[in-house]
Amino acid sequence: MILALVAVLAVQDTSRIAEAQTVLSQLVESYGVSGAEAPVRAVVQRLLPTWARAETDTAGNLWVRLGQGDGGPVVIVAHMDEIGFRIDSILTDGSLAIRNRGGFFPSLFEAKPALIHGERGDIPGIFLPRDTGFTLRAPPPIRVSVGMKTRAGAESLGVRVGQTITMPKQYVRLAGTRATGRSFDDRMGCAALILALRRLDRTKLKHQVIFVFSVREEIGLEGADAVAHQLGTTVRRVHAIDTFVSADSPLELRNFAVAPLGAGAVARALDNSSITPPAYVDSLAQLARARNVALQIGTTNGGNDGSTFTSFGVVDVPIGWPLRYSHSPAEVVDLKDLMSLADLVRAVAEDW
């Protein structure tokens, strides 16, 4: 009997891992630099359960409203955008002057392939390396070449000022339940919301719950700020579902932000943008224990969408997932953490 139960649970876990990977890989392999999230939003809408009625606000955020009752809604938010670049100008030599959309190290992109996201499709290019790695001054701004020698030549390919640029990316499964790629921040959060909605028992909702897939988080939490101003003081609690930048890496000192990959979701008790009241951290931990969901508790760097609600007196209880090599072309995650995160999001909606 015990062996049979173990076998059933193993099959269930394997099935859930497969589903998590299917959802996550589609989100990761869609492109959506801050301010250009439409392709990601379309993937999210396609992956939602058929009963979900999604609406897009004027800022570009995608809302799914569930339940009803007094006392105001609980908001659960994950952002759709990713880091990247925007074309500021096309230079006379045909190269592109670009500007960061989000905070990261542009040097990680030097001498790598580039994709300019144009109206007629993606245009291949390359992030130009600096002339030398031996310099005492700050390196010049990074530029992109599309192989043309003149501005007119670049424009003939469909290149325009204002278009976004990224590096090509691919979801790659590693050993066990690990995976690597780019823009897991915050496609893991979006995947967790989708997986939670697929298994949500709507009859258990005691009040309204609003799932939000937000825009322009990486350039200043702009989408979430629009939601916060629309809902104001009516919100009973907000949960930002976003990266926990972890020191679980051979490159980091383990005296801050340690949350091992594969050990479950993380309560972001403190980051650069908000502090969760200890009583709420304890309540979240109690909920996780009651639902047998793996949960870690930690502090890290970075901000979260929920902090835009705090000026309205709303308590921000952000929940993360451990990430190695944040904002790099080779981020690493564990699919077990995605399952844990989805289960916790569902528990927050149904029981808290």
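First, a word on what this report is: a plain description of the structure on this page. (Residues numbered from 1 in each chain as written. Predicted model: local features only at pLDDT ≥ 70, side-chain atom pairs only at ≥ 80, totals over all residues. Heavy atoms only, no water.)

Running from N to C, helix H6 (residues 278-290) and helix H7 (residues 335-351) cross one another at 105 degrees; their axes reach a closest spacing of 10 Å. Classified by the angle between their axes, H6 and H7 sit roughly perpendicular to one another. Here Leu284, Leu287 and Ala288 of H6 lie close against H7, whose contacting residues are Leu344, Ala347, Val348 and Asp351. The residue inventory of the contact of H6 with H7, partitioned by class, reads six nonpolar, no polar and one charged. (Axes fitted to C-alpha atoms, helices over the stretch in contact; angles between N-to-C directions. Helix = DSSP H or I, 4+ residues; strand = E, 2+ residues; numbered from the N terminus. Parallel < 35°, antiparallel > 145°, perpendicular 65-115°, else oblique. Contact = heavy atoms within 4.5 Å. Nonpolar A, V, L, I, M, F, W, Y, C, P; charged D, E, K, R; others polar.)

Within strand S2 (residues 62-66), four of the five residues are buried, which leaves the element mostly enclosed by the surrounding structure. Judged from the three bridges that link them, strand S1 (residues 54-56) and S2 form a sheet pairing that is antiparallel. Bridge pairing in S2 places glutamate 55 opposite tryptophan 63. Between the antiparallel neighbours S1 and S2 lie five residues, among them glycine 60 with a positive phi of about 105 degrees. (Buried < 20%, exposed > 50% of the residue type's maximum accessible area, 1.4 Å probe, protein only. Pairing = 2+ DSSP bridges.)

Hydrogen bonds along the backbone pair up the strands of a sheet, which may run parallel or antiparallel. Across the sheet, which stays open at both edges, the three strands sit in the order S10-S11-S17 with antiparallel pairing between neighbours. Looking at which strands have only one partner, the edges of the open sheet turn out to be strand S10 (172-173) and strand S17 (331-334). Pairing of S10 with strand S11 (residues 178-181), which is carried by two bridges, proceeds in the antiparallel orientation. When the bridges of S11 are listed, valine 172 appears paired with threonine 180. Helix-sheet contacts for H7 involve S10 and S17, and the interaxial angle to S17 is about 60 degrees.

Opposite charge on two side chains lets them pair, provided their charged atoms get close. With the rule as written, the count across this model stands at 17 salt bridges. Two residues, glutamate 222 and arginine 216, come together in a salt bridge whose shortest N-O distance is 2.7 Å. Among the ionic pairs, arginine 268 bridges to aspartate 271, the shortest N-O distance being 2.6 Å. Owing to a relative accessible area of 6%, aspartate 271 belongs among the buried residues under this scheme. Sharing partners across several salt bridges, the network here consists of Glu82, Lys169, Arg182 and Arg187. (Salt bridge = Lys/Arg side-chain N within 4 Å of Asp/Glu carboxyl O.)

The next point concerns helix H2 (residues 38-47). Among the residues of H2, those classed as buried are Val40, Arg41, Val43, Val44 and Leu47. The arc that holds every buried residue of H2, seen down its axis, measures 160 degrees, which confines them to one face. (Arc of directions from axis to C-beta.)

To continue, consider the environment of alanine 342. Considering the arrangement of structural elements, one finds alanine 342 in helix H7. Looking at alanine 342, the relative accessible area reads 3%, which means it is buried. The spatial distance from the C-alpha of alanine 342 to the C-alpha of valine 314 is 23 Å, given a sequence separation of 28 residues. Excluding its chain neighbours within four sequence positions, the residues that come into contact with alanine 342 are Ala192, Leu195 and Ala196.

Next up on the list: the nonpolar core. Ile76, Phe184 and Phe211 are the most contacted members of the largest nonpolar core, which has 61 residues in total. What isoleucine 76 contacts, discounting residues up to four positions off in sequence, is Leu193, Val209, Ile210, Phe211, Val212, His239, Ile241, Val345, Val348 and Ala349. Core analysis: the next-biggest nonpolar cluster, separate from the first, contains 19 residues, Ile87, Ile123, Val146 and Met167 among them. (Core = buried A, V, L, I, M, F, W, Y, C linked by side-chain atoms within 4.5 Å.)

With that settled, consider the sheet that holds strand S13 (residues 237-245). Read across the sheet, eight strands follow the order S1-S2-S12-S3-S13-S16-S14-S15 without closing on themselves; strand pairing throughout is mixed. Looking along the sheet, the strands with just one partner apiece sit at the ends: S1 and strand S15 (295-299). Ignoring strand direction, the axes of neighbouring strands in this sheet form an average angle of 30 degrees. Across five bridges, the pairing between strand S14 (residues 265-270) and S15 is parallel. Bridging from a neighbouring strand, valine 266 pairs with glutamine 296 of S15. This element, H2, spans S1, S2 and strand S12 (209-214) of the sheet and lies at about 25 degrees to S2.

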